[in-house]
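# Coordinates in review
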Amino acid sequence: MNFIIKFFILLFFISCEKDEIPINPHQSGKINTEQVGMGANYRYQVFYNLKNNNITSTNLKNDWDLGFESQKKGWRVIINSSLFSKISIVENTDFEDVTSSVNLNWNYDNPSGNLDSTAIGDYRDKNNVYVLDRGYNLSGNPVGYKKLRIDSVTSDYYKIKYANLDNTNLQEIKIYKNNNLNFTSFSFKNDSLASFEPFFENWDLVFTQYTHLFEDGTAYLVTGVLSNYIQNTEVAIDSLNNFFDINYQMVENYIFSSKKDKIGYNWKEYDLDNGQYTVFSNISYIVKTQENRFFKLRFIDFYNNLGETGYPTFEVQEL
């Protein structure tokens, strides 16, 4: 009798064990084909959210000139590289004495997004004047120059002074930080704060022109994709595996980069012989978002159905 009882007790526990260890396979999302329109002359900056598979905001690339790091401890300042803008630093001089752009040395922001390698650099406790070449407008014509000095930065605002090189339109203002943004942007065109990016939690990628620096120091305006690197969005590249074969289990084998231009511009190439762009659809990008979700995407076109450039088409899937 004891043997029978023990047998049924053992059978009961074995049955429970099988029921209590369910195996749920990881469910990936469906593959979507999307297109982003940057418009004539690549005039728009388009911010994209991968989880929702939608555009969160769009702005003209010349809507802003400077971006001010927005967090409480932030102090760095970036320039609008989509306009091919650049900075020259005139050290230890009075603001009013800087009146020319001749014979100046020019600096660009590092396209990787390294905030310790901005064109303006560390201005704190320095008597520097910064000359900004504002780059080119939407028609490709030079915009002109501004000079500025960053007098102070606090947890709440930046205090700056700026003017034209001939000292006209002199302004002294405070730029208050918006802690919901990576950068609070400012426009000299309107002498006011500007719309540059959506709230940082609402986007992962931005389709835009930007200034790329080649190894020999040459600066060139390119068209591509940058990531929300400030919020720890990271990217890995896979040119070996077929896009459709990449799955969630492969994620741990990738080396992810926090460089904002890891996707960049060279998923396409311009063929001088036929005057057309070729897209490298064999290159896949795996994006780790600020929410620790993983997506794979690949580009399949750079033209719209009218044959106009500036319309990246890509396939994307959550892993």
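Residues numbered from 1 in each chain as written. Predicted model: local features only at pLDDT ≥ 70, side-chain atom pairs only at ≥ 80, totals over all residues. Heavy atoms only, no water.

## Quick look at the layout of surface pockets
Taken as a whole, the largest pocket spans an internal volume of roughly 340 Å³. Every residue lining the largest pocket is counted, 13 residues in all, and those nearest its centre are Y220, L221, V222, T223 and Y277. Within the residue set of the lining of the largest pocket, elements represented by two or more residues are β14 (219-227) and β16 (268-271). Looking at which element gives the most residues to the lining of the largest pocket, the answer is β14, with four residues. When grouped by side-chain class, the residues that make up the lining of the largest pocket number eight nonpolar, three polar and two charged. Reported here for the second largest pocket is a volume of approximately 250 Å³. Lining the second largest pocket we find 13 residues, and of these H212, K259, D261, K262 and N266 sit closest to its centre. Broken down by class, the residue content of the lining of the second largest pocket amounts to five nonpolar, five polar and three charged. (1 Å grid on protein atoms, 1.4 Å probe; cavity = no way out; pocket = protein on both sides within 12 Å on 5 of 7 lines; lining within 4 Å. Points joined across faces, edges and corners; volume = space filled by probe spheres on them. Helix = DSSP H or I, 4+ residues; strand = E, 2+ residues; numbered from the N terminus. Nonpolar A, V, L, I, M, F, W, Y, C, P; charged D, E, K, R; others polar.)

## Quick look at the pattern of salt bridges
Where charged atoms from two side chains of opposite charge come close, those side chains can pair. A complete count under the given rule lists 10 salt bridges for this structure. As a salt-bridge pair, R76 and E69 come within 3.3 Å of each other at their nearest N and O atoms. The exposure class assigned to E69 is buried, which follows from its relative accessible area of 14%. The salt bridge involving E315 is made with R298; its shortest N-O contact spans 2.7 Å. Of this pair, E315 sits in strand β20 (residues 309-318) while R298 sits in strand β19 (residues 294-303), and the two are 17 residues apart along the sequence. We classify E315 as buried; its relative accessible area is 12%. One salt-bridge network, held together by shared partners, links E69, R76 and D116. (Salt bridge = Lys/Arg side-chain N within 4 Å of Asp/Glu carboxyl O. Buried < 20%, exposed > 50% of the residue type's maximum accessible area, 1.4 Å probe, protein only.)

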